[in-house]
Amino acid sequence: MMKKKMLEVRFARPALQWWSIPPITIHGGRNLPKWAITRGTHLCSSAAYISPPREVVRERAGCVVIGAGVVGLAAARKLAMEGRDVLVLEASSGIGTGISSRNSEVIHAGIYYPQGSVKAQLCVEGRHALYSYCRDHGVAHKRLGKLIVATNPCQIQVLEALQKVGTDNGVEGLRLLDGDEANRLEPQLQCVKALWSPSTGILDSHTFMLALQADAENHGATFAFNTSVFRGDIYGKGLLDLHICSTSELNSRLFSDKKGFGSMILCADSVINASGLSAISLAKRLEGFPVEFIPKCYYARGCYFSLSGVGVAPFSHLIYPVPEEGGLGVHVTLDLGGQARFGPDVEWLEDIDEYTAFKYE
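Conventions we followed
Residues numbered from 1 in each chain as written. Predicted model: local features only at pLDDT ≥ 70, side-chain atom pairs only at ≥ 80, totals over all residues. Heavy atoms only, no water. Pairing = 2+ DSSP bridges. Helix = DSSP H or I, 4+ residues; strand = E, 2+ residues; numbered from the N terminus. Buried < 20%, exposed > 50% of the residue type's maximum accessible area, 1.4 Å probe, protein only. Patch = residues over 30% accessible without salt bridge, like charges linked within 9 Å, V, L, I, M, F, W, Y side chains within 5 Å. Areas by Shrake-Rupley, 256 points an atom, 1.4 Å probe, with all protein chains shown as cover. Salt bridge = Lys/Arg side-chain N within 4 Å of Asp/Glu carboxyl O. Axes fitted to C-alpha atoms, helices over the stretch in contact; angles between N-to-C directions. Parallel < 35°, antiparallel > 145°, perpendicular 65-115°, else oblique. Contact = heavy atoms within 4.5 Å. Nonpolar A, V, L, I, M, F, W, Y, C, P; charged D, E, K, R; others polar.

Draft legend 1. Up close: the sheet that holds strand β16 (residues 239-246). With respect to topology, 7 strands assemble into an open sheet ordered β14-β7-β6-β17-β16-β15-β18, the strand pairing being mixed. Because the sheet does not close on itself, it has two edges, and the strands there are β14 (222-224) and β18 (286-287).

Draft legend 2. Representation of the pairing of strand β7 (residues 86-89). Of the two faces of β7, the one holding Val86 and Val88 and the one holding Leu87 and Leu89 are both buried throughout. Here strand β6 (residues 57-66) pairs with β7 via 4 bridges, running parallel. Note on β7: the bridge partner recorded for Val64 is Leu87. Summarising the sheet, β7 and β14 pair through 3 bridges and their orientation is parallel.

Draft legend 3. The arrangement of the sheet that holds strand β8 (residues 106-107) in detail. Pairing within the open sheet is antiparallel, and its 3 strands lie in the order β8-β13-β9. In this open sheet, the two strands that pair with only one neighbour each are β8 and β9 (141-142). Pairing between β8 and strand β13 (residues 201-203): 2 bridges, direction antiparallel. The residue bridging Ile107 from the neighbouring strand is Gly201, located in β13.

Draft legend 4. Molecular detail of a nonpolar patch on the surface. On the surface, Ile234, Phe289 and Phe293 cluster together into a nonpolar patch covering about 280 Å² of accessible area. Counting through the fold element by element, Phe293 comes out in the loop between β18 and β19 (299-301).

Draft legend 5. Inspection of the packing of helix α2 (residues 118-137) against helix α5 (residues 205-218) at higher detail. One can describe the packing of α2 onto α5 by two numbers: an axis separation of 11 Å at closest approach and a directional angle of 75°. In terms of orientation, α2 lies roughly perpendicular with respect to α5. Seen from α2, the contacting residues are Leu130, Tyr133 and His137; seen from α5, they are Phe208, Ala211, Leu212 and Asp215. The residue inventory of the contact of α2 with α5, partitioned by class, reads 5 nonpolar, 1 polar and 1 charged.

Draft legend 6. Local environment of the environment of Thr333. Along the chain, Thr333 turns up in strand β22 (residues 331-334). Look at Thr333 and you get buried, because its relative accessible area is 0%. Considering only alpha carbons, one finds Thr333 and His317, 16 residues apart in sequence, at a separation of 7.7 Å. Non-local contacts of Thr333, meaning those with residues more than four positions away in its chain, are made with Ser104, Val106, Leu318, Tyr320, Gln339, Ala340 and Arg341.

Draft legend 7. Fine view of unusual backbone geometry. The omega torsion across Gly343 and Pro344 is -10°, close enough to zero to call that bond cis. Within the secondary structure layout, Pro344 lies in the loop between β23 (340-343) and β24 (347-349). Although it is not a glycine, Glu105 adopts a positive phi angle of roughly 55°. Inspection of the secondary structure puts Glu105 in the loop between β7 and β8. In the Ramachandran plot, Asn226 falls in the positive-phi region, its phi being about 55° despite a non-glycine side chain. On the secondary structure map, Asn226 appears in the loop between β14 and β15 (227-235).

Draft legend 8. Representation of the environment of Cys303. With respect to the secondary-structure elements, Cys303 resides in the loop between β19 and β20 (305-306). Taking the C-alpha atoms as reference points, Cys303 and Phe342, 39 residues apart in sequence, are found 8.6 Å from one another. Apart from residues lying up to four places away in sequence, Cys303 is in contact with Phe342, Gly343, Pro344 and Asp345.

Shown next as structure tokens:
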């Protein structure tokens, strides 16, 4: 794999020091805040202080991607490969530290979504593209196959409905198995019937994200970490001012005047909001963004449980129950090392305001 290039942006507020020092220029000709410390393979290290936020630096940017999770990385890669000037802003210290690294790492077949929906189309097309990308870029993956099981006769009709939906969506090889057939595939499994999906698999999500980042950077994209977008203003013909600041300052809420908060303004031609759990709250802070396009948010938390005390996992395929409200149910997934884990459960979260920082603890 090609050597990764990384840009880390750190902010440190000065204490009663006033300087007039030119801003630090990074890859692509952009200027970081004058009180930033930058590091990267394509730039030199430096440090400086600036006056308070009333003297805000303004910089033009072509396409800004907010969030360096798997969606933001894929978008940045595509845009950079098309020759766009791309800057990726990530609030954390590295890529994929949010929900992109907290999931089952499953490559889904496309069984669950209604026929004709965008989700159904993209899941099926994305599965083919993802297997091809993993193969071409050396990303570890396995096409394990999945069993969706009915543990009582009342659930059989759910499996039959899933088979029809999946087949209509273009999922290949779906087949209903009776209990004995499923038991031959998985001797430790007890069920009355199961739906077999041979095209479902798993991948190493972190290696996948590193490959996306390398592709993006090799085509000129720049990454700025520890950098948050506090708010934005849409004006003119779709131009957008993004007010950015250090993540540490945003979390500490040092400023009482939120409107004036920020160390830099990026005037962007295009913006991709790929900020994960914060995407809706960020959209609400973009003044001029049509409120009718901001969906209501419903947050839930899920926990995974590892299977310990056994040398070899009892299953060799992914095992799922029939879907339940709020998710696909607690299922058995395997990692590339063959270890089993169970989850996620579902805990609905209430009273999360738009400034809440999500903690993974």
